[in-house]
Amino acid sequence: KKAEDIRVFDVEDHIKVADYFMVCSGTSRPHVRAILDELHVRLKAAGARHARAEGSETGWWVLLDFGDVVVHVLQPEAREHYALDQLYEECDLLDWRTVELPDLPESANS
């Protein structure tokens, strides 16, 4: 859904609540919602489960917790304000474009 400035931080050696933090931006509340909906549909099809999305009512900063992976979707102003990228700048970045993904059922791709 065209999330912007996607970064995946390997936080395993720095914090104990997750192995990876994915941080990305959505340009508006509807765009953040579309990114969340797409993540939910695709990851549910892949068998992943998450707790209720935190912050989805405002669409300013939304968090999805998949256990080992925590996804942060923020509007640009929220991303700048909370500075998660700077907070985890000592962590290694994962080149997410090279990660092989499982095939999803046809219904998840439409």
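Structure first, text after, so check above.
Quantities reported herein were computed from a predicted structural model and do not represent experimental measurements.

## As for the pairing of strand β2 (residues 20–25)
Part 1 of the argument: Of all six residues in β2, five are buried; the element is thus mostly enclosed.
Part 2 of the argument: Note that strand β1 (residues 4–10) and β2 share five bridges and pair antiparallel. Paired with Arg 7 across the strands is Val 23, a residue of β2.
Part 3 of the argument: Both β2 and strand β4 (residues 69–74) contribute to a ladder of six bridges, which runs parallel. Residue pairing for β4: Val 23 is matched across the bridge by His 72.

## A look at the pattern of salt bridges
Part 1 of the argument: One pass over the structure, following the stated rule, counts seven salt bridges.
Part 2 of the argument: Between Asp 5 and Arg 79 there is a salt bridge, with the nearest N and O atoms lying 3.5 Å from each other. Of the two residues, Asp 5 is situated in strand β1 and Arg 79 in helix α2 (residues 76–82); the sequence distance between them amounts to 74 residues.
Part 3 of the argument: For Asp 5, a relative accessible area of 45% translates into the label partly exposed.
Part 4 of the argument: Taking the relative accessible area as the measure of exposure, Arg 79 reaches 7% and is therefore buried.
Part 5 of the argument: Among the ionic pairs, Arg 33 bridges to Asp 37, the shortest N-O distance being 2.8 Å. A residue pair is termed a helical-turn pair when its members lie 3 or 4 positions apart in one helix, as Arg 33 and Asp 37 do in helix α1 (residues 29–45) at four residues.
Part 6 of the argument: Judged by relative accessible area, which is 38%, Arg 33 ranks as partly exposed.
Part 7 of the argument: Here Asp 37 falls in the partly exposed class, since its relative accessible area comes to 35%.

## A short note on the side chain of Ser 25
Part 1 of the argument: Tracing the backbone through its elements, the reader meets Ser 25 in strand β2.
Part 2 of the argument: A relative accessible area of 6% means that Ser 25 is categorised as buried.
Part 3 of the argument: Within the structure, Ser 25 has its side chain in polar contact with the side chain of Arg 79 (distance 3.0 Å).
Part 4 of the argument: Not counting chain neighbours up to four residues away, the residues in contact with Ser 25 comprise Ala 3, Glu 4, His 31, Ile 35, Leu 74 and Arg 79.

Basis of the calculations
All residue numbers refer to position in the chain's written sequence, counted from 1. Reporting in this predicted model follows two pLDDT cut-offs: at least 70 for local features of residues, and 80 or more for side-chain atom pairs to be given and counted; totals over whole chains, interfaces and linings ignore these cut-offs and use all residues. By convention in this description, side-chain values take in all heavy atoms of the structure and omit both hydrogens and water. Exposure classes here rest on a 1.4 Å probe applied to the protein chains alone. A residue is buried below 20% of its type maximum, exposed above 50%, and partly exposed in between. Secondary structure elements follow DSSP: runs of H or I of four or more residues count as helices, runs of E of two or more count as strands, with numbering from the N terminus. By this definition, two strands are paired if DSSP reports at least two bridges between them. The term salt bridge refers to a pairing of a side-chain nitrogen on Lys or Arg with a carboxyl oxygen on Asp or Glu at a separation within 4 Å. For the purposes of these results, a polar contact is taken to be a pair of N or O atoms within 3.5 Å, where, inside protein, one atom must be able to donate a hydrogen and its partner to accept one; residues adjacent in sequence count only when each atom of the pair is a side-chain atom. What makes two residues a contact is simply this: any of their non-hydrogen atoms within 4.5 Å.

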